[in-house]
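# Observations on chain architecture
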Amino acid sequence: ELELQVLRDIRNRTIRSVCGQRAMPRSVWDLPAGQRRTVLRHLLVSDKYRFLYCYVPKVACSNWKRILKVLAGALESVDVRIKMDHKSDLVFLGDMKPDEISYRLKHYYKFIFVRNPMERLLSAYRNKFGEIKEYQQKYGVEIVRRYRKSGGSSAGDDVTFSEFLRYLLDEDVERMNEHWMPIYNLCQPCAVRYDFIGSYERLNADANYVLEQVRSPSSVRFPERQAWYKPVTAETLQYYLCSAQRRLLKELLPKYILDFSLFAYPLPNVTSEFCRQ
């Protein structure tokens, strides 16, 4: 608990310090139109329980969307096993008028959940290019064609992790797919003053804390991870990072540096000594 308290304190101080700088946005209305559209499109609203949740793909957002649907009465239970519809029965702050947006940002409880940036990228890579045909065809085919000499015949299901990193390096952060866009750009923690930042590492405890804060019915609890779910382990992450080209990682880090620093995650260790272990 003490370690957790120290971590929270570091996060809060860092966010205050970074967001206190003159160039940083003070509200969503200070953001350029594209950035404002992105954050408002990721803020989900519960008017009944007066909270805003900024969803971050690959940080348990499907389970949070399930909870929002249960709280709104659109879903019977968080345990109902249906394919998640990421749009229907959900209210997005971006669909509201400016005065309605301002009121909710000022008066509602606001929270996000964060995750180690490299772990999140690896999770997106394994899921989207290993399992989802739509992503293989839309992104995979293009990535292989772009970075492999004889990649013209690929179905997009054989993208290597290094190729994915090269693609991220060449992508404009503002135009990235939400599954690998930095959390900072998705949720703008300087423009939106979040009341609570939960972490993937303490998912259940932090989620249930939030549910208590918003006075959700005691019958609503955060769902347990499903038995088939294979989380990214520290060993898996080390394997992928140590197999990737070190230069790529070094050049990519600046794009995600605010996620590392604001949310107090250590930079990845890819020293020869560590990778030999």
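The coordinates are above.
A few points on the structure. What you are looking at is a predicted structure, and each value in this text was computed from that prediction instead of being measured.

### Some thoughts on helix 2 (residues 33–42)
- All of the buried residues along helix 2 are Thr-38, Val-39, Leu-40 and His-42.
- Where the residues of helix 2 are buried, they touch strand 1 (43–46), strand 2 (51–54), helix 4 (98–107) and helix 8 (183–187).

### Overview of the sheet that holds strand 4 (residues 196–199)
- Strands sit in the order 1-2-3-4 across an open sheet of 4 strands; the sheet is mixed. The two strands at the open ends of the sheet, each matched to only one other strand, are strand 1 and strand 4. Mean inter-strand twist for the sheet, computed between neighbouring axes without regard to direction, equals 25°.
- Where helix 2 meets the sheet, its contacts fall on strand 1 and strand 2, and the angle it forms with strand 1 comes to roughly 40°.
- Sheet contacts for helix 3 (residues 61–71): strand 1, strand 2 and strand 3 (109–114); angle to strand 2, the most-contacted strand, approximately 155°.

### Quick word on the pairing of strand 2
- Burial of strand 2 is two-sided: the residues Phe-51 and Tyr-53 facing one way and the residues Leu-52 and Cys-54 facing the other way are all buried.
- In this structure, strand 1 lies alongside strand 2, joined through 4 bridges in antiparallel fashion. The residue of strand 2 that forms the bridge with Val-45 is Leu-52.
- Linkage of strand 1 to strand 2, two consecutive antiparallel strands, is achieved through a turn of 4 residues, within which Arg-50 is found at a positive phi near 50°.
- In this structure, strand 2 lies alongside strand 3, joined through 4 bridges in parallel fashion. Following the sheet pairing, Phe-51 is matched in strand 3 by Tyr-109.

### Regarding the pairing of strand 3
- Counting buried positions along strand 3 gives 6 out of 6 residues, so the element sits mostly inside the fold.
- Of the two faces of strand 3, the one carrying Tyr-109, Phe-111 and Phe-113 and the one carrying Lys-110, Ile-112 and Val-114 are both buried.
- Relative to strand 4, strand 3 is paired through 4 bridges, and the arrangement is parallel. From the neighbouring strand, Ile-112 faces strand 4, where its bridge partner is Ile-197.

### Some details on the packing of helix 5 (residues 117–131) against helix 10 (residues 234–243)
- Contact pair helix 5 / helix 10: the axes reach a minimum separation of 10 Å and the direction vectors enclose 85°. With respect to helix 10, the axis of helix 5 lies roughly perpendicular. Taken together, the residues of helix 10 that come into contact with helix 5 (itself represented by Met-118, Glu-119, Leu-122, Tyr-125 and Arg-126) are Thr-236, Leu-237, Tyr-240 and Leu-241.
- Of the residues contributing to the contact of helix 5 with helix 10, the split by class is 6 nonpolar, 1 polar and 2 charged.

Criteria and cut-off values
- Residues numbered from 1 in each chain as written.
- Predicted model: local features only at pLDDT ≥ 70, side-chain atom pairs only at ≥ 80, totals over all residues.
- Heavy atoms only, no water.
- Buried < 20%, exposed > 50% of the residue type's maximum accessible area, 1.4 Å probe, protein only.
- Helix = DSSP H or I, 4+ residues; strand = E, 2+ residues; numbered from the N terminus.
- Contact = heavy atoms within 4.5 Å.
- Pairing = 2+ DSSP bridges.
- Axes fitted to C-alpha atoms, helices over the stretch in contact; angles between N-to-C directions.
- Parallel < 35°, antiparallel > 145°, perpendicular 65-115°, else oblique.
- Nonpolar A, V, L, I, M, F, W, Y, C, P; charged D, E, K, R; others polar.

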